[in-house]
Amino acid sequence: MKEIVTAITAVFFFILKSVLASTGDRSQMFYSCLQDCLAQNCSGSSQDSQSSLILRALQWTCSDECKYFCMWPTVNWFVEAEIGVQQFYGKWPFVRIWGIQEPAATLFSILNLVGHVVMIKRFRKEVRPSAPFYRMTHYFCFICCHAWLWSTIFHIRDVRFTEIMDYLGAFSMVLFSVYHFLSRVLAFESRSFQYSLFFGIAIGFYFVYHSYTTFFVKMDYGYNMLINIAFGACAAFVALVAFTTLFEVLDFPPLFWVLDAHALWHLSTAPLAILWYKFLIDDCHHMEGQKLDLEKLA
């Protein structure tokens, strides 16, 4: 237990350090370039009119454009000086494609979303509506699809609102997985409904409280990541999830300025949905058999 607490604490401080220590945007070269760009391009009333339609649709402002274009000469300077690629405003430098801020993470988030949609269709074909946990699986699918939708939107354009919705979506998915697990373990206990109701209310209230503090008190990336990892350790598929989480923790600069550890983490989670729904299908069939056996005994 001590080793687990130590590991989670180390992860927390590693993430917190990576968020706060944005060497790139604090460099003198970046600052000078940004000030010149803002003075030359962002002082007039038509400052955003020169941007393309897709950039304006994704709310890329003149100051955002200056930050983006000043980032690359600063990155080149860091590389030539053998300092290495540095983060800017807590994020690695990415090449935009059609205005999409993180193309690979966006694509892999969509892949996860599609995986849930495809597998719930298979679930509905193979499992009867009267089977135990039939509705629960649909709730799980809805929450996961909602989370991956906001993950996609967040990686297309990172602003405060999309960032918060991405974190809360991921957190809701983790919390519901914990609730799903507890309800399944207690499914055939004599007071299973009361236990399920208690855990549902407790987890629901905590999610509402956490959402409130995230929106209106403080948005803390490190704290959110720590909470997700802590609850995720209690969820099913611990071994595989822990392995894929290494991509999220062991961060590195993006390959080809597109593919980073976070994107690879999203890619690695896509097959888990397929495996999980296959298990849910088999488990529902197994519970149907158990239910029939109990009815015969009664």
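Heads up: these notes are all about the structure in this document.

### Considering the overall build of the protein chain
Right, so step 1: For the protein chain, the helix and strand inventory stands at 12 helices and 0 strands.
Right, so step 2: Its helices and strands in sequence order give the protein chain the pattern α-α-α-α-α-α-α-α-α-α-α-α, from N to C terminus.
Right, so step 3: Evaluated residue by residue, the protein chain yields a buried proportion of 42% over its 298 residues.
Right, so step 4: Across the protein chain, every contact between residues at least 6 apart in sequence was considered, and the portion connecting residues at least 24 apart equals 72%.
Right, so step 5: When the accessible surface of the protein chain is totalled, it reaches about 16900 Å², and 68% of it is carbon and sulfur.

### Topic: unusual backbone geometry
Most peptide bonds adopt trans geometry, and most residues besides glycine take a negative phi value.
Right, so step 1: Its identity as a non-glycine residue notwithstanding, Trp98 has a phi of 55 degrees, on the positive side.
Right, so step 2: Despite not being glycine, Phe256 shows a phi value in the positive range, around 55 degrees.
Right, so step 3: Take Phe256: it is sitting in the loop between helix 11 (238-249) and helix 12 (261-297).

### Points about the pattern of salt bridges
It is possible for side chains bearing opposite charge to pair when their charged atoms get close.
Right, so step 1: Here the structure, examined in full by the defined rule, presents 6 salt bridges.
Right, so step 2: With a closest N to O distance of 2.6 Å, Arg96 and Glu65 form a salt bridge. Remark: Glu65 occurs in helix 5 (residues 62-80) and Arg96 occurs in the loop between helix 5 and helix 6 (103-126); sequence separation between them is 31 residues. The same class applies to Arg96 as to Glu65, namely buried.
Right, so step 3: Note that Asp158 is salt-bridged to Lys91, the shortest N-O span being 3.4 Å.

### Considerations on a nonpolar patch on the surface
Right, so step 1: A cluster of nonpolar side chains, namely Met29, Trp77 and Ile83, defines an oily patch on the protein surface of about 290 Å² accessible area.
Right, so step 2: Mapped onto the secondary structure, Met29 falls in helix 3 (residues 28-41).

### Here we look at the environment of Ile110
Right, so step 1: Within the fold, Ile110 resides in helix 6.
Right, so step 2: For Ile110, a relative accessible area of 36% corresponds to the partly exposed category.
Right, so step 3: When the C-alpha positions of Ile110 and Ser151 are compared, they lie 8.5 Å apart, and in sequence the two are 41 residues distant.

### Details of the nonpolar core
Right, so step 1: Membership of the largest hydrophobic core comes to 28 residues, with the highest contact counts inside it found for Phe123, Val127, Phe140, Tyr277 and Cys284.
Right, so step 2: Take this core: its biggest share by element is 8 residues, from helix 7 (residues 134-156).
Right, so step 3: Residues contacting Phe140, with those up to four places away along its chain left out, are His116, Phe176, Ser177, His180, Trp276 and Tyr277.
Right, so step 4: In terms of nonpolar packing, the next biggest core, distinct from the first, is built from 12 residues, Phe30, Leu34, Cys42 and Phe88 among them.

### A closer look at the state of the cysteines
Cysteine pairs can be covalently joined through their sulfur atoms, and such a bond is termed a disulfide.
Right, so step 1: According to the stated counting rule, one finds 3 disulfides in the structure shown.
Right, so step 2: The disulfide partner of Cys37 is Cys66, and the gap between their sulfur atoms is 2.1 Å. Disulfide Cys37-Cys66: torsion about the S-S bond near -75 degrees, hence left-handed. Here the residue Cys37 occupies a position in helix 3, and Cys66 occupies one in helix 5, the gap between them amounting to 29 residues.
Right, so step 3: For the protein chain, the bonded cysteines connect in the pattern 1-6, 2-5, 3-4 when numbered consecutively along the sequence.
Right, so step 4: With no disulfide partner, Cys141 has as its closest neighbouring cysteine sulfur the one in Cys145, 3.9 Å distant.
Right, so step 5: Accessibility expressed as a relative area gives 7% for Cys141, which makes it buried.

### Overview of the side chain of Thr106
Right, so step 1: Structurally, Thr106 is set in helix 6.
Right, so step 2: The class of Thr106 is buried, set by a relative accessible area of 4%.
Right, so step 3: Within polar-contact distance, the side chain of Thr106 engages the backbone oxygen of Glu102 at 2.8 Å.
Right, so step 4: In this structure Thr106 touches Ile100, Thr152, His155 and Ile156, once residues within four positions along its chain are discounted.

### Section: the packing of helix 3 against helix 5
Between two packed helices, both the angle of their axes relative to each other and the distance between the axes serve to describe the pair.
Right, so step 1: Where helix 3 contacts helix 5, the axes come no closer than 9 Å and their chain directions differ by 145 degrees. Along this stretch, helix 3 crosses helix 5, giving a crossing that reads as right-handed. Across the interface between the two elements, Met29, Phe30, Cys33, Leu34, Cys37, Leu38 and Asn41 of helix 3 pack against Cys62, Ser63, Cys66, Lys67, Cys70, Met71, Pro73, Thr74 and Trp77 of helix 5.
Right, so step 2: Residues belonging to the contact of helix 3 with helix 5 are distributed by class as follows: 12 nonpolar, 3 polar and 1 charged.

### Quick look at the packing of helix 7 against helix 8 (residues 160-185)
Right, so step 1: Contact geometry for helix 7 and helix 8: axes closest at 8 Å, N-to-C directions at 160 degrees. As summarised for this structure, helix 7 and helix 8 are arranged roughly antiparallel, according to the angle between their axes. The handedness of the crossing between helix 7 and helix 8 comes out as left-handed.
Right, so step 2: Within the contact of helix 7 with helix 8, the residues separate by chemical class into 16 nonpolar, 8 polar and 2 charged.

Reading the values: the criteria
Residues numbered from 1 in each chain as written. Predicted model: local features only at pLDDT ≥ 70, side-chain atom pairs only at ≥ 80, totals over all residues. Heavy atoms only, no water. Helix = DSSP H or I, 4+ residues; strand = E, 2+ residues; numbered from the N terminus. Buried < 20%, exposed > 50% of the residue type's maximum accessible area, 1.4 Å probe, protein only. Contact = heavy atoms within 4.5 Å. Areas by Shrake-Rupley, 256 points an atom, 1.4 Å probe, with all protein chains shown as cover. Salt bridge = Lys/Arg side-chain N within 4 Å of Asp/Glu carboxyl O. Patch = residues over 30% accessible without salt bridge, like charges linked within 9 Å, V, L, I, M, F, W, Y side chains within 5 Å. Core = buried A, V, L, I, M, F, W, Y, C linked by side-chain atoms within 4.5 Å. Disulfide = S-S within 2.5 Å. Polar contact = N/O pair within 3.5 Å; in protein donor to acceptor, adjacent residues only side chain to side chain. Axes fitted to C-alpha atoms, helices over the stretch in contact; angles between N-to-C directions. Left-handed = near helix turned anticlockwise from the far one by under 90°. Nonpolar A, V, L, I, M, F, W, Y, C, P; charged D, E, K, R; others polar. Parallel < 35°, antiparallel > 145°, perpendicular 65-115°, else oblique.

Note that all results are geometric; they support no functional claim without further evidence.
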